[in-house]
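Notes for the structure review
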Amino acid sequence: MASQTIRTTNGRGKLYDSILATIGDTPVVRINNLAPAGVRMYVKAEFFNPGASVKDRLAINIIEAAERAGTLKPGQTVVEATSGNTGIGLAMVCAQKGYKLVVTMADSFSVERRQLMRMMGAKVVLTPRAEKGTGMYKKAVELAEKHGWFLARQFETEANADIHESTTAREIIADFAGDRLDYVVSGYGTGGTITGLARVLRKERPETKIILTEPANAQLVGSGVAQTRGPDGGPAATHPSFEPHPIQGWTPDFIPNVLQECLDTGGYDKLIPIAGTEGIAWAKKLAQKEGILTGISGGATFAVAMEIARQAKQGSVVLAMLPDTGERYLTTPLFSDIAQDMDEEESEISRSTAGYQMS
Ligand code: PMP
């Protein structure tokens, strides 16, 4: 364990103008119990964002870039296709700024995501899971065209990778200033995180190896097969290598245009696929051995970081992105063997004193 400190706190030394001002500046945290000997492992804990995921960064930037460009007018409705976290981030931003939000989402994503968006005032329009990511994407396009709504376009917009270039990557550069950083590991949903990180790290930390990962049963990038696209860069059809996978938020059924920049510019050094079951297993280990509660994509990213760490030279430093909180997965396979009722050991503890036992 890391050395203990006597805690005193002094506040943050400022008052925040709104919840939106608390987005970003997430902590990089040492892994103490799971890391192999001689290798320092860290995670960037994106669940410290107010909407508990990395997508808060994108949400605020899409809305504010559109406000600056005049493409989003006061009182206009925002519409977007999302696997959940972008919708939750947008719901937070739209609630604060007074925009209406309509989200299209395949009905396969966890129900707590829908409820969180509705809690923050969004309307959630479900699309059939058989139509996959392209189905929810095309529904959002249809709705925007029919009603004159502002389409957030997270899979194509420049506002996506830009915010990771100007915030996420800058935070990593600052936090590792003067220290080693041998590997950074990230998966992709839109590709905003990895593309933004690559832009900065390639210039300022050229020695850092950038590791990209994707689901073992949906190796879109690994297949080498190019994505077919419409005129606006959006997907024309499902990628032939796509299979449904349990890593919510990762790898839609197409290669996003935002990620394409990273692929075309050599923005990663190695692609390592990972099975969804490994993501679930490592999310549990992070929770139980480190007290770090992250989602399946965080577990999957960390699983790959562990593979890297086991093979890395002594003294190496490995950073894994943890995109969101594990609380977003209570109704998913991540929690399916976590009991609601007392198990034998808990019942025994209860019986070990006379009072207050369940009948
Ligand atoms: N994990 C989760 C849970 C996500 O919601 C997302 C975003 N869809 C990602 C990872 C990937 O982030 P990015 O879109 O920046 O590639």
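As shown above, the structure is provided for reference.
Overview of the structure. (Residues numbered from 1 in each chain as written. Predicted model: local features only at pLDDT ≥ 70, side-chain atom pairs only at ≥ 80, totals over all residues. Heavy atoms only, no water.)

Helix and strand counts for the protein stand at 10 helices and 10 strands. Compactness check: the protein gives a C-alpha radius of gyration of 21 Å against a globular reference of 21 Å for 359 residues, within 12% of the reference. With the C-alpha coordinates of the protein rotated into their principal frame, the extents come out at 65 × 55 × 50 Å. Long-range contacts, defined here as pairs at least 24 residues apart, represent 73% of the contacts in the protein between residues at least 6 apart. When the accessible surface of the protein is summed, it comes to about 17,100 Å², and 51% of that surface belongs to carbon and sulfur atoms. Between the mean site of the 38 positive side-chain charges and the mean site of the 41 negative ones, the protein shows a separation of 3 Å. (Helix = DSSP H or I, 4+ residues; strand = E, 2+ residues; numbered from the N terminus. Rg over C-alpha atoms; globule rule 2.2 N^0.38 Å. Contact = heavy atoms within 4.5 Å. Areas by Shrake-Rupley, 256 points an atom, 1.4 Å probe, with all protein chains shown as cover. Lys, Arg positive; Asp, Glu negative; His and termini not counted. Charge placed at Lys NZ, Arg CZ, Asp CG, Glu CD.)

Take helix H9 (residues 296–311) next. End to end, H9 covers 23 Å across 16 residues, agreeing with the expected 22 Å (1.5 Å per residue, within 8%). Within H9, 13 of the 16 residues are buried, which leaves it mostly tucked inside the rest of the structure. (Expected span 1.5 Å × (residues − 1). Buried < 20%, exposed > 50% of the residue type's maximum accessible area, 1.4 Å probe, protein only.)

Attention now moves to a negative patch on the surface. There is a patch of like negative charges on the surface, built from Asp343, Glu345, Glu346 and Glu348. Tracing the sequence through the fold places Glu346 in helix H10 (residues 344–351). (Patch = residues over 30% accessible without salt bridge, like charges linked within 9 Å, V, L, I, M, F, W, Y side chains within 5 Å. Salt bridge = Lys/Arg side-chain N within 4 Å of Asp/Glu carboxyl O.)

Core analysis: the largest hydrophobic core is formed by 40 residues, its most contacted members being Ile63, Leu72, Val78, Val79, Leu101, Met117 and Phe150. At the level of elements, helix H1 (55–69), strand E3 (77–81), helix H2 (85–97), strand E4 (100–106), helix H4 (132–147) and strand E6 (150–151) are the ones that each hand at least two residues to this core. Among the domains, domain 1 (19–48 + 167–335) and domain 2 (55–151) are the pair contributing at least three residues each to this core. Ile292, Phe302, Met306 and Leu334 belong to the second-largest nonpolar core, a separate cluster that totals 32 residues. (Core = buried A, V, L, I, M, F, W, Y, C linked by side-chain atoms within 4.5 Å. Domains from an automatic or database assignment.)

Okay, the sheet that holds strand E7 (residues 183–186) next. The sheet built from six strands is open, its strands ordered E1-E2-E10-E7-E8-E9 with mixed pairing. Every interior strand has two partners, whereas the edge strands, strand E1 (28–31) and strand E9 (270–274), have only one. Ignoring strand direction, the axes of neighbouring strands in this sheet form an average angle of 25°. Two strands pair when backbone bridges link them, and E7 and strand E8 (residues 209–215) are joined in this way by four bridges, in the parallel orientation. When the bridges of E8 are listed, Val184 appears paired with Ile210. (Pairing = 2+ DSSP bridges. Axes fitted to C-alpha atoms, helices over the stretch in contact; angles between N-to-C directions.)

Across the sheet, which stays open at both edges, the four strands sit in the order E5-E4-E3-E6 with parallel pairing between neighbours. Two strands in the sheet have a free side with no partner beyond their single neighbour: strand E5 (123–127) and E6. Taken together, the two bridges between E3 and E6 define a ladder with parallel strand orientation. Each residue of the ladder has a partner; that of Val79, found in E6, is Leu151.

Now for the site of the ligand. The environment of the ligand is formed by 15 residues, the closest being Lys55, Gly189, Thr190, Thr193 and Ser297. Between an oxygen atom of the ligand and a main-chain N or O atom of Gly189, the distance comes to 2.7 Å. A distance of 2.9 Å is found between an oxygen atom of the ligand and a backbone nitrogen or oxygen belonging to Gly191. About the coverage of the ligand: the protein hides 96% of its 390 Å² of free accessible area. (Near = heavy atom within 4 Å. Polar contact = N/O pair within 3.5 Å; in protein donor to acceptor, adjacent residues only side chain to side chain.)

Here we come to the packing of H1 against H2. Look at H1 against H2: their axes get within 8 Å of each other, and the N-to-C directions meet at 50°. Taken as axis vectors, H1 and H2 run oblique relative to one another. Note on packing geometry: the crossing formed by H1 with H2 is right-handed. Where H1 abuts H2, its residues Lys55, Asp56, Leu58, Ala59, Ile60, Ile63, Glu64 and Glu67 lie against Asn85, Thr86, Gly89, Leu90, Met92, Val93 and Lys97. Taken together, the residues of the contact of H1 with H2 sort by class into seven nonpolar, three polar and five charged. (Parallel < 35°, antiparallel > 145°, perpendicular 65-115°, else oblique. Left-handed = near helix turned anticlockwise from the far one by under 90°. Nonpolar A, V, L, I, M, F, W, Y, C, P; charged D, E, K, R; others polar.)

Let us now look at the packing of aromatic side chains. Summed over all chains, the structure comprises five aromatic pairs. Ring centres of Tyr42 and Phe176 lie 5.6 Å apart, and the angle between their planes is 90°; this geometry places the pair in the edge-to-face category. Pair noted here: Tyr42 is in strand E2 (residues 40–45) and Phe176 is in the loop between helix H5 (158–175) and E7, with a separation of 134 residues, a long-range link. Measuring from centroid to centroid gives 6.2 Å for Tyr137 and Phe254, while their planes differ by 50°, and the two rings are tilted. Here Tyr137 is found in helix H4, whereas its partner Phe254 is found in the loop between E8 and helix H7 (257–264), with 117 residues between them in sequence. The same class applies to Tyr137 as to Phe254, namely buried. One aromatic cluster is present, formed by Tyr137, Phe155 and Phe254 through successive ring pairs. Above the ring of Trp282, the side-chain terminus of Lys285 is found at 3.9 Å from the ring centroid. (Phe/Tyr/Trp six-rings, centres within 6.5 Å; stacked < 30°, edge-to-face > 60°. Lys NZ or Arg CZ within 6 Å of the ring centre and 35° of its normal.)

What follows deals with the pattern of salt bridges. Per the stated rule, a full pass over the model turns up 19 salt bridges. Across the pair Arg170 and Glu204 runs a salt bridge, and its minimum N-O distance is 2.8 Å. Taken together, the residues span a long stretch of sequence, with Arg170 in helix H5 and Glu204 in helix H6 (residues 192–204) at a distance of 34 residues. A relative accessible area of 34% places Arg170 in the partly exposed class. For Glu204, a relative accessible area of 40% gives the class partly exposed.

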